[in-house]
Amino acid sequence: MNASADPIKRVSVLSTGSVAIRPEHVGPTWKNLYVWLFTSTRWTAPRPINVYVIEHRDGVVLFDTGQDRASVTDPNYFPGGFSGLIYSRLAKFAIEPDETLTAGLFRLGYAVGDVDTAVISHLHQDHIGGLPLLGHADIVVDHREWESLHKPLPEARGLMSSHIDLPGLNWRRITPEPLADPAVAPFDTGHDLFGDGSILLLPTPGHTPGSLSMLIRRPDHAPLILVGDLTYDAGLLAAGALPGIGDKKQMRDAVSKVNALRATMPDLEVLAAHDPGAADRLAGALAPVRSA
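Residue numbers restart at each chain and count upward from 1, following the sequence in its written direction. Restriction of local features to residues with pLDDT of at least 70 applies here, the model being predicted, together with a cutoff of 80 or more for giving and counting side-chain atom pairs; totals for whole chains, interfaces and linings are based on all residues. To get the side-chain values, take all heavy atoms of the structure and skip hydrogens and water.

On to the sheet that holds strand β8 (residues 177-178). Should DSSP find at least two bridges between two strands, the strands are regarded as paired. For helices the rule is a DSSP run of H or I covering at least 4 residues; for strands it is a run of E covering at least 2, with both sets numbered from the N terminus onward. With mixed pairing, the six strands of this open sheet are ordered in space as β8-β9-β10-β11-β12-β13. Edge positions in the sheet fall to β8 and β13 (269-271), since each of these pairs with one other strand and no more.

Here's what the structure looks like:
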């Protein structure tokens, strides 16, 4: 496959504001979630809320949709009571008027209406903020993630149904199927978004039950894997260190698989949703590379 056969024209990133979280959230930590959540007195420096934009010959794809600016302007955006307290302890957001999904796409040369597909890594609020704008697009989510939305007490698990299950959205709930592609081992299931191998959705549960990552492969370019919140720092993931929130066993397995994939794809770039270095690493990875 040569460069002229590349089905992907462009990969970009934008950020819908910034978020500060607890250092224990980034991890690693030995503390129980609720221990650090209610005892931590520190916040990280502001971290990006990344949305990745992939221009494929069959349509413009978003990986996640960022944080809704209404979350910092509408006092009723978050739940009240104990759930509201948890949200306030977990994260502090800052989103300026020019940091919306619409504004970020415009700076990249796109309109919201150009988006054909939005792949949601998971259904936490800082990944679904653009859903109200995407009634015209296909919204792709893992079926296990969708099912978790309809289990008891979703708000206590970080899922705000009133901002997710909106009327008029075209949800496409996928079930990872067997992959006959030894190049992506140890991943043996996934979903080929366009059927050409260029964009594979890979199951990486742990942060949430149905978390997805996106592997992007292009001829003469370094491969990219967008991992959502599987990590908050690519260096920590490479070291096998886990964040402070999620199912540790599942996250350990997913991290191990991503690191095994890195062993078979030495130039693989790992790009997370809130890694401050992700945008610079993406820029560095976009230069064409040619094998000898």
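It is worth spelling out the pairing of strand β4 (residues 91-94) at this point. Throughout, exposure labels follow a simple rule: accessible area from a 1.4 Å probe, protein chains only, divided by the maximum for the residue type, with under 20% read as buried, over 50% as exposed, and the rest as partly exposed. Judged by which residues are buried, β4 turns out to be one-sided: Ala 91 and Phe 93 face inward and are buried, whereas Lys 92 and Ala 94, on the alternate face, are not. Sheet topology note: the strand β1 (residues 8-21)/β4 ladder contains four bridges and is antiparallel. Among the inter-strand pairings, Ala 20 is bridged to a residue of β4, identified as Lys 92.

A few words on the sheet that holds strand β6 (residues 138-142). In spatial order, the strands read β4-β1-β2-β3-β5-β6-β7; together these seven strands make up an open sheet with mixed pairing. Edge positions in the sheet fall to β4 and β7 (170-174), since each of these pairs with one other strand and no more. Neighbour-to-neighbour, the strand axes of this sheet turn through a mean angle of 30 degrees, independent of strand direction. The contact rule is simple, with two residues in contact once any of their heavy atoms fall within 4.5 Å. Whenever a helix is involved, its axis is fitted only over the stretch in contact; in every case the axis is a line through C-alpha atoms, and angles between N-to-C directions fall within 0 to 180 degrees. Docked against the sheet, helix α9 (residues 278-285) engages β1 and β2 (47-56), running at close to 170 degrees with respect to β1.

Attention now moves to the pairing of β2. Of all the 10 residues making up β2, 10 are buried; the element is thus mostly covered by neighbouring parts of the structure. With nine bridges joining them, β1 and β2 adopt antiparallel strand pairing. Each residue of the ladder has a partner; that of Val 19, found in β2, is Arg 47. Relative to strand β3 (residues 59-63), β2 runs antiparallel, the two being bridged by five bridges.

A word on the UniProt feature "domain: Metallo-beta-lactamase" (unreviewed entry) in the chain. UniProt positions are given in the numbering used here, feature names are shortened, and annotations may be inferred rather than shown by experiment. The feature "domain: Metallo-beta-lactamase" (unreviewed entry), as given by UniProt, occupies residues 48-274 in the numbering adopted here. Spanning residues 48-274, this segment combines 22% helix with 24% strand, and its end C-alpha atoms are found 5 Å apart.

To pair, rings of Phe, Tyr and Trp, with the six-membered ring standing in for Trp, must have centres within 6.5 Å; the planes then decide the type, stacked if under 30 degrees apart, edge-to-face if over 60, and tilted in the middle. Throughout the structure, instances matching the rule amount to four aromatic pairs. Ring plane angle 20 degrees and centroid distance 6.0 Å describe the contact between Phe 38 and Phe 82, whose orientation is recorded as stacked. With Phe 38 in helix α2 (residues 33-39) and Phe 82 in helix α4 (residues 81-90), this residue pair connects regions lying 44 residues apart in the sequence. Its relative accessible area of 34% is what places Phe 38 among the partly exposed residues. For the ring pair Phe 78 and Tyr 87, a centre distance of 5.7 Å and an interplane angle of 45 degrees mean the geometry is tilted. What makes Tyr 87 buried here is its relative accessible area of 7%. Three or more aromatic residues joined by ring pairs make a cluster, and in this case those are Tyr 77, Phe 78 and Tyr 87. Two conditions define a charge located above a ring, namely a distance within 6 Å from the ring centre to NZ of Lys or CZ of Arg, and an angle within 35 degrees of the ring normal. The ring of Trp 43 carries Arg 22 above its face, with NZ or CZ at 3.6 Å from the centroid.

Turning our attention to helix α8 (residues 248-264). Helix length check: α8, at 17 residues, gives a terminal C-alpha distance of 24 Å against a target of 24 Å (1.5 Å per residue), a fit within 8%. If you check which residues of α8 are buried, you get Met 251, Ala 254, Val 255, Val 258, Asn 259 and Leu 261. For α8, the buried positions fall inside an angular range of 155 degrees around the axis, keeping them on one side. Exposed side of α8, more than 90 degrees from the buried face: Lys 249, Ala 263 and Thr 264 are the residues found there. Expected span, for any helix, means 1.5 Å times one less than how many residues it has. The arc in question is the one spanned by the directions pointing from the helix axis to the C-beta atoms.

With respect to the element layout, Asp 229 can be found in the loop between β12 (224-226) and α7 (234-238). For Asp 229, a relative accessible area of 4% translates into the label buried. It is 7.4 Å that separates the C-alpha atoms of Asp 229 and His 274, two residues lying 45 residues apart in sequence. Filtering out sequence-adjacent residues up to four positions away, Asp 229 remains in contact with His 122, Asp 126, His 127, His 207, Pro 243, Ala 273 and His 274. Within the structure, the side chain of Asp 229 is placed 3.4 Å from the side chain of His 122, a separation counted as a polar contact. Nitrogen and oxygen atoms within 3.5 Å of one another constitute a polar contact, given that in protein one can donate a hydrogen and the other can accept it, and given that sequence-neighbouring residues count only through two side-chain atoms. Here His 127 takes part through its side chain, which lies 3.1 Å from a polar atom of the side chain of Asp 229.

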